[in-house]
Amino acid sequence: MSDDRATPAPIDAVPLRHPWRWVTAAAILVIVGLFLWGAATNPAYGWSTYREYLFNERVLKGVWNTLQLTVYSMVIAIILGVVLAVMRLSPNPVFRWVAWVYLWIFRGTPVYVQLVFWGLFPTIYQNIQLGVPFGPSLLHIDLQNLSFPFLLALIGLALNEAAYMAEIIRAGISSVPEGQTEASIALGMSWAMTMRRTVLPQAMRVIIPPTGNEVISMLKTTSLVTAVPYTMELYGITSREIAARIFEPIPLLLVAATWYLAATSVLMVGQYYLERYFSRGASRKLTAKQLEALAKEQIGEPHP
Amino acid sequence: MVPEDIKASGKLIIGVNIPYAPNEFKDAGGEIVGFDVDLMNAIAETLGLTPEYRESDFGKIIPSIQGGTYNVGMSSFTDTKERERSVDFVTYFSAGTLWAQRPGDSIDPDNACGKKVAVQATTHQETDELPTKNQACLDAGKPAIEIMAFDGQDAATNAVVLGQADAVSADSPVVLYAIKQADGKLEQIGEVFSSAPYGWPVAKGSALAAALQKALEHLIETGDYETIATNWGVEQGMIDKPVINGAVN
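Residues numbered from 1 in each chain as written. Chains lettered and ligands numbered in written order. Predicted model: local features only at pLDDT ≥ 70, side-chain atom pairs only at ≥ 80, totals over all residues.

Keep this limit in mind: UniProt positions are given in the numbering used here, feature names are shortened, and annotations may be inferred rather than shown by experiment.
As recorded in an unreviewed UniProt entry, chain B goes by the name Extracellular solute-binding protein family 3, listed as coming from Mycolicibacterium chitae. Check the Sequence similarities (unreviewed entry) section of the UniProt entry for chain B; it says "Belongs to the bacterial solute-binding protein 3 family."

Chain A is annotated in an unreviewed UniProt entry as Truncated polar amino acid ABC transporter of Mycolicibacterium chitae. Taken verbatim from the UniProt record of chain A, the Subcellular location (unreviewed entry) comment is "Cell membrane". Under Sequence similarities (unreviewed entry), UniProt gives the following word-for-word description of chain A: "Belongs to the binding-protein-dependent transport system permease family."

Here's what the structure looks like:
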């Protein structure tokens with residue numbers, strides 16, 4: 001009897017079957033296949049026009065301008081956002097109020113409306129004079145004689161985005177527990193060093209994912225600059241220039257969508273690595289690399 | 001004749017809203033071209049000025065002329081009594097409304113009750129023509145016209161080609177151009193109706209109006225006006241005599 005207990009019959013272990021997974025996967029495949037077949041054979045999509053314009057010189061120029069608008073406006077927005085976040089967290093009430101009013105206005109009105117306003121800026125403020133108030137003028141710029149829609153679009157996008165970035169950065173800084181700052185001070189670190197070595201590296205982990213979100217969102221928001229109007233970005237060129245000339249809006253919209261998707265995909269890869277870098281040490285779980293090193297140590301293999 | 005400040009700068013700053021093919025749109029190289037553009041280039045040359053085109057939202061052109069940012073507007077503006085209260089117009093063309101349908105259909109522009117009609121948003125056809133016709137349908141106890149307002153003329157025209165709408169209504173030069181682009185998938189319905197003048201808006205009381213008028217009279221005499229209109233296939237709408245503020249309604 002004791003022998004029986006010592007050697008139990010081996011268990012015939014089989015993996016849990018998932019028949020419904022197979023059924024749903026097959027059904028989805030059939031539906032996707034039907035959709036693709038329908039899209040490929042539907043003349044409304046105008047695939048020949050799509051192919052003709054996908055790598056058109058003007059379209060590529062539009063892609064380039066869209067990327068420039070995205071990068072420049074995000075860089076300005078992040079710098080301005082840091083300033084605003086610090087102002088909102090500062091003990092100085094004037095700074096706090098200025099930052100609050102900025103946020104209230106730029107986050108409280110639609111970006112499209114703001115872009116229309118920036119487009120009308122040279123009409124409202126016909127010239128800029130720099131000098132002593134009520135005194136001599138040192139510099140006079142006649143805005144009406146200049147045409148700078150790209151700059152106006154950039155200012156419009158950046159100032160709007162700065163309001164959002166300020167909140168993201170403030171949330172990141174506030175998320176670092178107070179004890180971290182206290183500990184740093186106890187170690188004799190200065191305020192600047194506490195920020196640089198303790199607070200900001202931990203805040204970045206919270207700041208990066210929503211900032212990546214904002215970059216992707218900005219890429220698509222650039223299509224609104226037609227309100228300025230700046231028409232040399234991707235959507236402006238495909239829709240308001242080429243489609244309006246050849247009267248085929250659908251394939252040109254697909255061309256624009258393809259390029260937006262391509263750019264977004266690249267940005268997503270970048271975000272993944274950035275996030276991984278800044279979340280070092282945030283989780284107790286070991287990475288594959290660390291596990292491998294541990295295992296090797298266990299079996300006595302020398303560390304590489 | 002040209003106001004001093006414009007003469008001194010040597011530039012004629014023109015506010016234009018694109019796209020409105022064939023009057024103003026961009027070619028494959030991204031240059032602004034069209035009937036309006038060729039005509040304005042000839043006018044500027046006659047006046048000894050260099051034209052400088054500034055892209056604008058349609059609704060912002062008149063405010064920008066009033067504000068002094070643009071000297072003149074050029075965007076297939078219909079000269080209307082309403083707009084004449086804000087700016088002065090120099091007429092240069094006569095455009096009417098024209099409808100188009102898929103070949104073989106029998107849409108009647110005077111009795112489109114219950115039909116779907118595509119238009120470009122904010123055009124005269126969307127704001128005046130179709131609402132009036134729709135009201136007539138409702139008053140007669142017939143089904144309403146379904147007015148489909150699209151952001152661009154290309155989308156409005158495409159809606160008819162693809163069968164989403166039954167007809168498209170727009171300014172005559174635009175519809176004629178669209179029919180040419182659609183390559184047999186669209187046909188004109190009847191003739192052009194309710195013609196009205198196109199005009200160039202300038203600031204109220206500006207001496208530029210008289211200068212533009214004289215320059216156009218000169219181009220009509222030399223035959224350049226006819227050459228330009230024929231090049232763009234819009235000779236049906238040529239006028240004999242430009243006037244200042246020639247609105248018919």
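## A short note on the UniProt feature "transmembrane region" (unreviewed entry) in chain A
Keep this limit in mind: Per the convention used, a helix needs a DSSP run of H or I reaching at least four residues, while a strand needs a run of E reaching at least two, with both numbered from the N terminus.
Under the feature "transmembrane region" (unreviewed entry), the UniProt entry names residues 20-40, 69-87, 99-121, 141-160 and 250-274 of chain A. Taken end to end, residues 69-87 of chain A is 100% helix and 0% strand, and its first and last C-alpha atoms sit 26 Å apart.

## Structural notes on the packing of helix α8 (residues 178-186) of chain A against helix α9 (residues 191-221) of chain A
All names here are of chain A. Note the following rule: Lines fitted to C-alpha atoms define the axes here, with helix axes fitted over just the stretch in contact, and angles between the N-to-C directions of these axes take values from 0 to 180 degrees. When describing relative orientation, an angle under 35 degrees is termed roughly parallel and one over 145 degrees roughly antiparallel, while 65 to 115 degrees is termed roughly perpendicular and anything else oblique. Handedness of a crossing is defined here by the sense of rotation of the near helix relative to the far one, left-handed for an anticlockwise turn of less than a right angle and right-handed for a clockwise turn. By the convention adopted here, residues are in contact when the distance between their C-beta atoms, placed from the backbone, does not exceed 7 Å.
At a minimum axis distance of 10 Å, the contact between α8 and α9 shows a crossing angle of 160 degrees. Here α8 lies roughly antiparallel to α9, going by the angle between them. Viewed along their axes, α8 and α9 form a crossing whose handedness is right-handed. Taken together, the residues of α9 that come into contact with α8 (itself represented by Gln180, Thr181, Ser184 and Ile185) are Thr194, Thr198, Val199 and Gln202.

## A look at unusual backbone geometry
Excluding glycine, most residues fall at negative phi; most peptide bonds, likewise, are trans. Worth spelling out the cut-off: Between the buried cut of 20 or more and the exposed cut of 12 or fewer other C-beta atoms within 10 Å of a residue's own C-beta lies the partly exposed class, and all C-beta atoms are placed from the backbone.
Looking along the chain, the bond that leaves Val228 of chain A and enters Pro229 of chain A is cis, with omega of 0 degrees. Take Pro229 of chain A: it is sitting in the loop between α9 and α10 (234-246). Here the amide bond leading from Ile18 of chain B into Pro19 of chain B is cis, since omega sits at 5 degrees, within 30 degrees of zero. By secondary structure assignment, the location of Pro19 of chain B is in the loop between β1 (11-16) and β2 (25-26). At Asp183 of chain B, a position not held by glycine, the phi torsion is positive, near 60 degrees. Classification of Asp183 of chain B by C-beta neighbours within 10 Å gives exposed; the count is 9. For Asn245 of chain B, which is not glycine, the phi torsion reads 55 degrees and is therefore positive.

## Thoughts on the domain arrangement of chain B
Frequently, the measure chosen for interface size is the accessible area removed from exposure when the parts meet. All names here are of chain B. Operational definition: A domain assignment, automatic or from a database, supplies the domain bounds used here. Any residue outside Ala, Val, Leu, Ile, Met, Phe, Trp, Tyr, Cys, Pro, Asp, Glu, Lys and Arg is labelled polar, Gly included; the first ten of those are nonpolar and the last four are charged.
Along its sequence, chain B is organised into domain 1 (4-95 + 195-237) and domain 2 (96-194). Inter-centroid distance (C-alpha atoms) of domain 1 to domain 2 is 27 Å. Contacts between domain 1 and domain 2 engage 15 residues on the former and 13 residues on the latter. Looking at the side of domain 1 that touches domain 2, its residues break down into nine nonpolar, six polar and no charged.

## Section: the nonpolar core
Residues and elements named next belong to chain B. Rules: The nonpolar core criterion groups buried Ala, Val, Leu, Ile, Met, Phe, Trp, Tyr and Cys residues into a set whenever they are joined through C-beta atoms within 7 Å.
Ranked by internal contacts, the top residues of the largest apolar core, which has 122 residues, are Val117, Ala118, Val168, Val202 and Leu212. Composition of this core by domain shows at least three residues from each of domain 1 (4-95 + 195-237) and domain 2 (96-194). Discounting chain neighbours no more than four positions away, the residues touching Val117 are Ala112, Leu130, Ile145, Ile147, Met148, Ala165, Asp166, Ala167 and Ser169.

## Remarks on the interface of chain A and chain B
Of the residues lining the interface, 21 residues belong to chain A; the matching set on chain B comes to 26 residues. Where the side of chain A that touches chain B is concerned, the elements lending two or more residues are α6 (111-124), α10 and α11 (249-278) of chain A. Element by element, the count of residues in the side of chain A that touches chain B is highest for α10 of chain A, at six residues. Tallied by class, the residues present in the side of chain A that touches chain B amount to 10 nonpolar, six polar and five charged.

## Let's talk about the UniProt feature "domain: Solute-binding protein family 3/N-terminal" (unreviewed entry) in chain B
When the UniProt feature table is mapped onto this chain, "domain: Solute-binding protein family 3/N-terminal" (unreviewed entry) is found at residues 11-236 of chain B. Between the end C-alpha atoms of residues 11-236 of chain B there is a gap of 31 Å, over a span that is 37% helix and 29% strand.

## Looking at the environment of Ile173 of chain A
Residue and element names in this part refer to chain A. Here Ile173 shows up in helix α7 (residues 149-174). Residue classification places Ile173 among the partly exposed residues on the basis of 19 C-beta atoms within 10 Å. The spacing of Ile173 and Ile207 is 34 residues in sequence and 8.5 Å in space, taken between C-alpha atoms. When neighbours within four sequence positions are excluded, Ile173 is seen to be in contact with Ala85, Leu89, Val199 and Ala203.

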